[in-house]
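Understanding the architecture of this molecule
The lines below spell out each chain.
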Amino acid sequence: MANRGSPMSITEQHKTGAIQAPARTKTTTRADWIDIARGLAELSVVTFHILQAMTNAGLTPDGVFDFWTPVGDMIRMPLMMLLAGLFLERSMAKGSGPFFSGKTRRVLWPFLVWAHIYALYWFLKPSAFDNRTLADLLATAINPGSHLWFLQALFIYYVAAWFVIRERLVLAYWVAAILVITIPLTQTWIEPRLPYLFLFFLLGVQIARLIATRGFPISRWAGLVLIVAGVALPILTDSYLGPSKYSPLAVPASLAGVLAALVIARGLVLVPLVREAFVFLGRYSLEIYCAHVIFSSGTRQVLLGVFGITDFWTLFLACSLAGLVLPVGLALGLRWLGIDILFSWPEDTVRLRTLLAGLRRRLLASQPET
């Protein structure tokens, strides 16, 4: 069996024909609960960044940010990496060309675009919390200095996946485990989140295999235990061991929290309206992740500066709504125009070239004759 003992490599599955099976399994249909889990992760990311910004500005009531931070810190990014790993083998089965072109279009390209957008903004308008020097700006592709590091790390994992995971998944697990254990020794020259999140990226591959053969792998009662543990363990870990984000000691808390999020997502499939709302957010998770900071920050500045609103909950809810909805509106508007180059390098560039040629003609026509 592909999910027991020593799993078949992608190459072996091609030879035996087993690689064709996912085309008819649960792993390849975009199940609602997976999109709901993505939506939950994006909700956590957006609200965290809003709370962080409002806390820096002195607008958050005492204790609100500190109470939720350990739980969110240990769950949101591991969850996002696990969800990315769920469809890894399906993507790899398409071959090297489609695999790398797809990841370049929808991961590397938006990373480069949005990392530079934020870096340029902070270079032109620095603040006490966000600023970039000219040297920082030029090194943005290496050190983005923003939340776009997630896409950078994800692309690194995809490259590693092609050369390592597709042949030896078990070996990759051992390597990831060793890297996580040695984080305290290597954190001065390797960003701790890179080895830490790689472990959860691989976990997504294994969960996808379990789903393909057994269905959703967590029972109802185990799920209830995980939900309790997913909230309690991060708080207890931070309380007794100190800040533990991306440390080996945080792995049990992150694992419980991530699995609990999957259970919650699975349960929310049964709740009308809530299901549709989170599925919607999940299907635009990339767009929300990239652009939410601009829209939520802009909304906060307008409400404060123009309308003089300082009430915490009014600001928090308005900024959250803006951060979740407006990036989707931007993406849909760009797609309607056929120039969605902010979130994905277009496969068909004819519309883009036509638009640019039209703009060039208008510019030339508007120039006065000499």
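These numbers come from a predicted model, not from an experiment.

**A closer look at the pattern of salt bridges**
Across all of its chains, the model carries 10 salt bridges by this definition. Of the charged contacts, one joins Asp 73 and Arg 76 as a salt bridge, the two residues approaching to 3.0 Å between their closest N and O atoms. Here Asp 73 pairs with Arg 76, and both are found in helix 3 (residues 64–86), just 3 residues apart, close to one helical turn. Of the two residues examined, Asp 73 and Arg 76, each falls in the buried class.

**Describing the packing of helix 2 (residues 32–56) against helix 15 (residues 312–337)**
Look at helix 2 against helix 15: their axes get within 10 Å of each other, and the N-to-C directions meet at 135°. Judged by the inter-axis angle, helix 2 sits oblique to helix 15. Here helix 2 runs over helix 15; the crossing is right-handed. On the side of helix 2, the interface is formed by Glu 42, Leu 43, Val 46, Thr 47, Ile 50, Leu 51 and Met 54, while helix 15 contributes Phe 312, Leu 315, Phe 316, Cys 319, Ser 320, Gly 323 and Leu 324. Each residue belonging to the contact of helix 2 with helix 15 can be placed in one class, and the counts come to 10 nonpolar, 3 polar and 1 charged.

**A short note on the packing of aromatic side chains**
Under the counting rule described, the total for this entry stands at 22 aromatic pairs. With 5.2 Å between their ring centres and 45° between their planes, Tyr 157 and Phe 198 make a pair best called tilted. Remark: Phe 198 occurs in helix 10 (residues 193–214) and Tyr 157 occurs in helix 7 (residues 149–165); sequence separation between them is 41 residues. For Tyr 157, a relative accessible area of 4% translates into the label buried. What makes Phe 198 buried here is its relative accessible area of 11%. With centroids separated by 5.6 Å and ring planes inclined at 35°, the aromatic side chains of Tyr 196 and Phe 200 adopt a geometry described as tilted. One end of the pair is Tyr 196 and the other is Phe 200, both in helix 10 and 4 residues apart, which spans about a single turn. With respect to class, Tyr 196 is no different from Phe 200; both count as buried. Over the ring of Phe 48 we find Arg 76; its NZ or CZ atom is 4.0 Å from the centre of that ring. Sitting over the face of the ring of Tyr 158, Lys 103 holds its NZ or CZ atom 4.4 Å from the ring centroid.

**A closer look at the environment of Val 107**
Counting through the fold element by element, Val 107 comes out in helix 5 (residues 96–124). The class of Val 107 is buried, set by a relative accessible area of 7%. Taking the C-alpha atoms as reference points, Val 107 and Phe 150, separated by 43 residues in sequence, lie 9.6 Å from one another. Setting aside its immediate chain neighbours within four residues, Val 107 contacts Gly 102, Leu 151, Leu 154, Phe 155 and Tyr 158.

**A closer look at unusual backbone geometry**
Backbone geometry at Tyr 246 places phi at a positive 60°, although glycine is not the residue there. With respect to the helices, strands and loops of the structure, Tyr 246 is situated in the loop between helix 11 (220–241) and helix 12 (251–268). On the basis of relative accessible area, Tyr 246 is assigned to the buried category, the value being 9%. Positioned with a positive phi, Leu 273 is a non-glycine residue whose angle comes to about 70°. With relative accessibility at 70%, the residue Leu 273 sits in the exposed group.

**Digging into the confidence of the model for the protein**
Within the protein, residue pLDDT values average 86, and 86% of them lie at 70 or more. pLDDT under 50 marks residues 1–29. Its contacts with residues more than four places away, or in other chains, come to 43 contacts.

**Observations concerning helix 15**
Taking 1.5 Å of rise per residue, 26 residues should cover 38 Å, and helix 15 covers 37 Å from first to last C-alpha, within 8% of that figure. Bending of helix 15 peaks at approximately 25° at the position of Gly 323, with proline Pro 327 no more than four residues after it. Inspection of helix 15 places Phe 312, Leu 315, Phe 316, Cys 319, Ser 320, Ala 322, Gly 323, Leu 324, Pro 327, Val 328, Ala 331 and Leu 334 among the buried residues, and these make up the whole buried set. The opening residue of helix 15, the one whose side-chain oxygen lies 3.4 Å from the backbone nitrogen of Trp 313, is Asp 311. At the exit of helix 15 stands Gly 338, carrying a positive phi of roughly 80°.

What counts and how
- Residues numbered from 1 in each chain as written.
- Predicted model: local features only at pLDDT ≥ 70, side-chain atom pairs only at ≥ 80, totals over all residues.
- Heavy atoms only, no water.
- Salt bridge = Lys/Arg side-chain N within 4 Å of Asp/Glu carboxyl O.
- Helix = DSSP H or I, 4+ residues; strand = E, 2+ residues; numbered from the N terminus.
- Buried < 20%, exposed > 50% of the residue type's maximum accessible area, 1.4 Å probe, protein only.
- Axes fitted to C-alpha atoms, helices over the stretch in contact; angles between N-to-C directions.
- Parallel < 35°, antiparallel > 145°, perpendicular 65-115°, else oblique.
- Left-handed = near helix turned anticlockwise from the far one by under 90°.
- Contact = heavy atoms within 4.5 Å.
- Nonpolar A, V, L, I, M, F, W, Y, C, P; charged D, E, K, R; others polar.
- Phe/Tyr/Trp six-rings, centres within 6.5 Å; stacked < 30°, edge-to-face > 60°.
- Lys NZ or Arg CZ within 6 Å of the ring centre and 35° of its normal.
- pLDDT = per-residue confidence, 0-100.
- Expected span 1.5 Å × (residues − 1).
- Bend = angle between axes of the 7 residues up to and from the residue.
- Polar contact = N/O pair within 3.5 Å; in protein donor to acceptor, adjacent residues only side chain to side chain.

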